[in-house]
Amino acid sequence: MEFLTDVGNIFLKYYPQLLQGVGNTLLISLIGTVAGLVIGLLTGIIRTAPTSKNKFISVLHKIVNGIIAVYVEVFRGTPMMVQAMVIYWGYAFATGGSTLPLIPSGILIVSINTGAYMAEIVRGGIISIDKGQFEGAMSIGMTHSQTMFRVVLPQVIRNILPSVSNEFVINIKDTSVLNVIGVTELYYFAGIIKRMNFQIFQTYLVVCVLYFVMTFSITLLLRFLEKKLDGKENYTIFGSQTNPAAEIRFDKGDK
Amino acid sequence: MENVIELVHLQKQFGDHKVLEDINFSVRKGETVSIIGSSGSGKSTMLRCINLLETPTGGEILFHGENVETSPMGVSQYRAKVGMVFQSFNLFNNMTVIENCMVGQTQVLKRDKATAKEIAMQYLEKVGMTPYINAKPRQLSGGQKQRVAIARALAMDPEVILFDEPTSALDPEMVGEVLTVMKQLSESGMTMLVVTHEMAFAKNVSDRVIFMSDGIILEEGTPQDIFDNPKNQRTKEFVGRDGSF
Ligand SMILES: Nc1ncnc2c1ncn2[C@@H]1O[C@H](COP(=O)(O)OP(=O)(O)OP(=O)(O)O)[C@@H](O)[C@H]1O
Ligand SMILES: [Mg+2]
């Protein structure tokens, strides 16, 4: 009984800190995931672009592809906690002591890190689109970029949505490592609360529940979004009598 | 009649593999030309070269007498004038039937949406697909998909349409509906180049038949020439085999 009261008290007493922690965690992981997706889409578009006939552009393309490959490998091959330290303190070192504001730093680190994973997810998504989709578009004269933006990417985004939602959930959990540079996300506040009430287990249990509520709601929300994007399983027959909106009308005044 | 498309010493090789040796022929305005030949003889490759889905490794493709690879018109505008219907339909999966028939018009021909929609509706009606304009490709049967693909090509107002085995991926009961549309199209004066295994179509609908074998045109003539009176031994065997049922 006493245990439950302790847990309840943590909520009651520290809800401003907990709420701020939840807010910052969601903010950093949401923006980080979206920005990571944008990085993924950009790098995916660049990496799958056809080689240009222009010598200069084609060489530039190769160089950029190389840079992207290095970026992907480095950021997937090192822990985000270490990346956070290197970027945050690297900036301080380079500028002779000035530091970046914390929340934007956190967003930057999560974005760059997620971008490396998204780059691979998007590239896989583009490659897995049937060649026939490209050829169908080319056969009516659409350019490569028209094909990408009108035909391929909409399908890629739909197909990779489960992976994006997975990245989002991972980010909610992994923002906890940003406490190493002092970003005020949920885990950071857990440390502060623990030091005030000395109830280590109870405090981290509360934080644990909060993380799970966040990740589970996001999972459900994105699943709903996926369903929504797929649209209706059936279509209205154009001119159908049962659906007034679909009815073909022969107005006398029509041209 | 004027030549719409002319192939002059067209060659195509993939690495060391010569797929098209030396192709010479022309398609005149309003003609329907069928291309027959055994599997691997290079029929698809030739068609794909014509609308530049494959880059020829030798020779020229002329469109109204002009080399299409160097023409100031540009590849995009050229392709808009040369429609293509694929064996695997290649409709855009993320778009409805009507959107499939509009996107090329708005993006490539820069038509406004209302005009594009009107034109799309007109051709969808021709192929009998008006009831399905709001359906996605995955909700259609193969025959319906192919009819939409034909409408999509037509909506670009092409001067010639290339068909690559348009009925080969269809269940037997759907072959007829697609061939009927193609026959009507041919009768309406559309210039068509059709790779087909449907010998009845080649025989009854086309003005000219081309028999390909191992990357060359072995024989060319009217359907009567090719089917009733083939000169080449290989042609004889091929039409004999397929015509025997
Ligand atoms: N992209 C490619 N790379 C290498 N070889 C290819 C490629 N495309 C086609 N070929 C080869 O070219 C030859 C001709 O192929 P093509 O598809 O043009 O034949 P086809 O006459 O259309 O046959 P089918 O009746 O089976 O469709 C085949 O030997 C094929 O393996
Ligand atoms: Mg073929």
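Since the structure is predicted, the reported quantities are computational estimates derived from the model, not experimental observations.

(A) The arrangement of the pattern of salt bridges in detail. Taken as a whole and judged by the stated rule, the model has 13 salt bridges over all chains. Linking Glu 135 of chain A and Arg 48 of chain B is a salt bridge whose minimum nitrogen-to-oxygen distance equals 2.7 Å. You can see Glu 135 of chain A sitting in helix H5 (residues 131-139) and its partner Arg 48 of chain B sitting in helix H1 (residues 43-50), one on each of two chains. For Glu 135 of chain A, a relative accessible area of 9% gives the class buried. One salt bridge in this structure joins Glu 31 of chain B and Arg 28 of chain B, with 3.5 Å as the shortest N-O distance. Residue classification places Glu 31 of chain B among the buried residues on the basis of a relative accessible area of 8%. By relative accessible area, which is 32% here, Arg 28 of chain B ends up partly exposed.

(B) Just the layout of surface pockets, in detail. Of the pockets and cavities examined, the largest pocket occupies roughly 820 Å³. Along the wall of the largest pocket there are 23 residues; nearest its centre are Pro 50, Lys 53 and Met 138 of chain A together with Leu 52 and Arg 79 of chain B. Elements that contribute at least two residues to the lining of the largest pocket include exactly H5 and helix H6 (144-174) of chain A together with helix H2 (75-81) of chain B. No other element matches H5 of chain A, which puts 4 residues into the lining of the largest pocket. Residues that form the lining of the largest pocket fall into these classes: 8 nonpolar, 8 polar and 7 charged.

(C) How the structure looks around the nonpolar core. All names here are of chain B. Ranked by internal contacts, the top residues of the largest apolar core, which has 41 residues, are Leu 124, Val 148, Ile 150, Ile 161, Phe 163, Met 182 and Leu 185. Taken together, the elements giving at least two residues each to this core come down to helix H3 (97-107), helix H4 (113-126), helix H5 (142-154), strand E7 (160-164), helix H6 (172-187) and strand E8 (191-195). Take this core: its biggest share by element is 7 residues, from H6. Ignoring sequence-local partners within four residues, the contact set of Ile 150 consists of Val 85, Val 127, Phe 163, Val 178, Val 181, Met 182 and Leu 185. Among the nonpolar cores identified, the runner-up in size contains 30 residues, and Val 4, Val 33, Cys 49 and Ile 61 belong to it.

(D) Focus on the sheet that holds strand E9 (residues 208-213) of chain B. All names here are of chain B. An order of E6-E7-E8-E3-E9-E10 is seen for the 6 strands of this open sheet, with the pairing classed as mixed. At either margin of the open sheet sits one strand with a lone partner, and together these are strand E6 (82-85) and strand E10 (216-221). Across the sheet, the mean angle separating the axes of adjacent strands is 20° when strand polarity is ignored. Looking at chain direction, strand E3 (residues 32-37) and E9 are connected through 5 bridges and run parallel. Paired with Gly 37 across the bridge in E9 is Met 212. Sheet strands in contact with H5 are E6 and E7, and its direction is about 175° off that of E6.

(E) Molecular detail of the site of ligand 1. Residues and elements named next belong to chain B. Ligand 1 sits among 13 residues. The nearest are Ser 39, Gly 40, Lys 43, Ser 44 and Thr 45. Note that an oxygen atom of ligand 1 is positioned 2.8 Å from one of the side-chain N or O atoms of Lys 43. Every element with two or more residues in the shell around ligand 1 is listed here: strand E2 (17-28) and H1.

(F) Structural detail: the packing of helix H1 (residues 2-48) of chain A against helix H4 (residues 102-127) of chain A. Residue and element names in this part refer to chain A. The contact between H1 and H4 brings their axes to 5 Å, and the two run at 40°. Put simply, H1 runs oblique to H4. Every pair of crossing elements has a handedness; the one defined by H1 and H4 is right-handed. Counted by class, the contact of H1 with H4 contains 16 nonpolar, 12 polar and 3 charged residues.

(G) Spatial organisation of the interface of chain B and chain A. In this complex, chain B contributes 32 residues to the contact, which on the side of chain A involves 26 residues. Around 2,400 Å² of area is buried between chain B and chain A when both sides are counted, 52% of it from carbon and sulfur atoms. If you sort the residues of chain B by the area they bury against chain A, Phe 92, Gln 107 and Gln 139 of chain B come out on top, with a joint share of 21%. Our count for the contact surface shared by chain B and chain A stands at 1 salt bridge. For the interface between chain B and chain A, the tally reads 8 residue pairs in polar contact (both at pLDDT 80 or more). Listed by contribution, the elements that provide at least two residues to the side of chain B that touches chain A are H2, E6, H3 and H4 of chain B. Its residues assigned to classes, the side of chain B that touches chain A comprises 16 nonpolar, 10 polar and 6 charged.

Cut-offs applied
Starting afresh in each chain, residues are numbered from 1 along the sequence in its written order. Here every chain gets a letter starting at A, and every ligand a number starting at 1, in the order they are written. Totals for whole chains, interfaces and linings use all residues, but because this is a predicted model, local features are given only for residues with pLDDT of at least 70 and pairs of side-chain atoms are given and counted only at 80 or more. Only heavy atoms go into the side-chain values, all of them from the structure, while hydrogens and water stay out. Within this document, salt bridges are pairs made up of a side-chain nitrogen of Lys or Arg and a carboxyl oxygen of Asp or Glu, the two lying within 4 Å of each other. Put simply, DSSP H or I for four residues or longer makes a helix, DSSP E for two residues or longer makes a strand, and each gets a number counted from the N terminus. Relative accessible area decides the class of each residue, using a 1.4 Å probe on protein chains only: under 20% of the type maximum gives buried, over 50% gives exposed, and in between gives partly exposed. The definitions used throughout rest on a 1 Å grid laid over the protein atoms alone, on which a cavity is an enclosed set of points accommodating a 1.4 Å probe that cannot get out and a pocket is an open set flanked by protein within 12 Å on both sides along at least five of seven lines; lining residues are those having an atom within 4 Å of a point. Grid points are joined across faces, edges and corners, and a volume is the space filled by probe spheres set on the points. Nonpolar residues are Ala, Val, Leu, Ile, Met, Phe, Trp, Tyr, Cys and Pro. Charged residues are Asp, Glu, Lys and Arg, and all others, Gly as well, are polar. Take the buried residues of types Ala, Val, Leu, Ile, Met, Phe, Trp, Tyr and Cys, join any two whose side-chain atoms come within 4.5 Å, and each joined set is a nonpolar core. In what follows, a contact means two residues having at least one pair of non-hydrogen atoms within 4.5 Å. Being paired, for any two strands, means DSSP has found at least two bridges between them. Inter-axis angles, ranging from 0 to 180 degrees, are taken between N-to-C directions of lines fitted to C-alpha atoms, where helices are fitted over the stretch in contact. Here a residue counts as near a molecule or strand whenever at least one of its heavy atoms sits within 4 Å of it. For the purposes of these results, a polar contact is taken to be a pair of N or O atoms within 3.5 Å, where, inside protein, one atom must be able to donate a hydrogen and its partner to accept one; residues adjacent in sequence count only when each atom of the pair is a side-chain atom. Roughly parallel here means an angle under 35 degrees, roughly antiparallel means over 145, roughly perpendicular means 65 to 115, and every remaining angle is called oblique. Whether a crossing is left-handed or right-handed is set by the direction in which the near helix is turned from the far one by less than a right angle, anticlockwise for left-handed and clockwise for right-handed. Here the buried area means the combined drop in accessible surface, using a 1.4 Å probe, for two parts upon being joined, counting both sides.

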